[in-house]
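Chain and residue survey
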Amino acid sequence: MYPEKIRIDRVIRSGRKTIALMVNDQAELVIRAPLWVSDELIEGLVIEKSDWIRNKQESVLRSIPAPRQFLPGEKFPFLGKEYPLDIGVNQKGSVHLTDRFIVDPGVSDIREGLINWYRKAAKKIIPVRCGHWSALTGLKPGSVHITSAQTRWGSCSSRSSLNFTWRLVMAPLEIVDYVVVHELVHLEIRNHSGSYWERVRSILPDYADKRRWLKDHGRELVL
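Summary of the structure given here. In this text the structure is predicted, and so the values were computed from the model without any measurement. Per chain, the residues get numbers from 1 upward, laid out in the order the sequence is written. Residues qualify for local features only when their pLDDT is at least 70, as the model is predicted, and side-chain atom pairs are given and counted only at 80 or more; totals for whole chains, interfaces and linings, by contrast, use all residues. Side-chain metrics rest on all non-hydrogen atoms present in the structure, leaving aside hydrogens and water.

Let us now look at the overall build of the protein. By the criteria applied, helices consist of DSSP H or I runs no shorter than four residues and strands consist of E runs no shorter than two, each listed in order from the N terminus. Within the protein one finds six helices and ten strands. Principal-axis analysis of the C-alpha atoms gives the protein an extent of 65 × 55 × 30 Å. In the protein, buried positions account for 41% of the 223 residues. When contacts within the protein are restricted to residue pairs at least 6 apart in sequence, those whose partners lie at least 24 apart make up 45%. In these tables, accessible area is a Shrake-Rupley quantity obtained with a 1.4 Å probe, and a residue counts as shielded only by the protein chains included in the view. Put simply, the protein shows about 13200 Å² of open surface, and 51% of that area lies on carbon and sulfur atoms. Averaging the positions of the 34 positive and the 26 negative side-chain charges in the protein gives two centres separated by 6 Å. Think of it in three bands: with a 1.4 Å probe and only protein chains considered, a residue is buried below 20% of the maximum accessible area for its type, exposed above 50%, and partly exposed in between. Residues count as neighbours in contact if any of their non-hydrogen atoms are within 4.5 Å of one another. A positive count includes Lys and Arg, and a negative count includes Asp and Glu. His and the chain ends are not counted in either. Every charge is mapped onto a representative atom, which is NZ of Lys, CZ of Arg, CG of Asp or CD of Glu.

Below, the structure written as structure tokens:
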């Protein structure tokens with residue numbers, strides 16, 4: 001019996017000179033290839049590397065956290081600390097954080113209630129962190145927006161607007177700061193060249209540790 005054919009989820013062609021195989025956080029196989037490379041050549045390489053691809057996909061799938069149940073006692077992160085969920089009447093709104101996330105019994109959709117809470121928290125915290133690092137670096141964004149992006153922590157637009165997903169405030173504050181600095185530097189250098197990373201390093205010498213933390217734990221910061 002032949003093993004099941006590996007699915008190629010995405011092929012990205014560009015002016016690069018080599019073919020690169022990548023398994024992303026969703027266990028999808030993404031191929032980056034030169035413009036001249038044929039589909040047949042790509043498929044041949046996938047067959048050749050099939051054992052590596054399957055092992056990598058299985059490893060990623062094992063690390064994907066189980067879906068949230070939104071039940072009392074389940075823990076949810078905020079600024080790197082985990083708080084258990086509780087159901088109870090409170091006077092602070094539909095969702096309130098003390099030593100736990102207290103959700104009013106009248107909330108019909110707990111997930112949406114928590115998302116709204118995180119979004120409001122992000123709108124308070126992230127612009128303040130942008131202001132802090134902007135004052136230290138002299139890099140000033142045109143505006144700061146909070147989004148619901150699922151695949152990006154932050155982005156920098158051509159109009160110098162910085163965008164950050166609300167999910168970022170689930171991470172420790174030092175990780176929030178890393179993403180803020182990452183996007184602020186894009187106001188000055190619009191790519192990920194060596195000079196870009198040197199500029200990031202000049203602001204956050206240990207940026208690589210924070211980048212690695214986000215790569216290792218980012219998939220846990222979901223609802």
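Let's shift gears to unusual backbone geometry. In this structure, Phe70 takes a positive phi of about 55 degrees despite not being glycine. With respect to the secondary-structure elements, Phe70 resides in the loop between helix H2 (50-63) and strand E4 (75-78). Using a relative accessible area of 15% as the deciding quantity, one classes Phe70 as buried. Positive phi is not limited to glycine here, since Leu79 has a value of about 50 degrees. Looking at where Leu79 falls in the secondary structure, it is placed in the loop between E4 and strand E5 (81-87).

This part is about the packing of helix H4 (residues 173-186) against helix H6 (residues 207-217). The geometry of H4 relative to H6 is characterised by a closest axis approach of 10 Å and an angle of 105 degrees between their N-to-C directions. With respect to each other, H4 and H6 are oriented roughly perpendicular. Taking contact as the criterion, the partners of Glu174, Ile175, Tyr178 and Val179 in H4 are, on H6, Tyr207, Lys210, Arg211, Trp213 and Leu214. Put simply, Ala, Val, Leu, Ile, Met, Phe, Trp, Tyr, Cys and Pro go in the nonpolar bin, Asp, Glu, Lys and Arg in the charged bin, and everything else, Gly too, in the polar bin. When grouped by side-chain class, the residues that make up the contact of H4 with H6 number six nonpolar, no polar and three charged. Axis definition: a line fit to C-alpha positions, over the contact stretch in the case of helices; interaxial angles, taken between N-to-C directions, run 0 to 180 degrees. In this scheme, roughly parallel covers angles under 35 degrees and roughly antiparallel covers those over 145, while 65 to 115 is roughly perpendicular and the rest are oblique.

All right, on to the environment of Arg68 then. Residue position: Arg68 is located in the loop between H2 and E4. Look at Arg68 and you get partly exposed, because its relative accessible area is 21%. For the pair Arg68 and Val222, spaced 154 residues apart in the sequence, the C-alpha separation amounts to 8.6 Å. Those residues in contact with Arg68 that sit more than four places away from it in its chain are Glu74, Lys75, Phe76, Pro77, Glu220, Val222 and Leu223.

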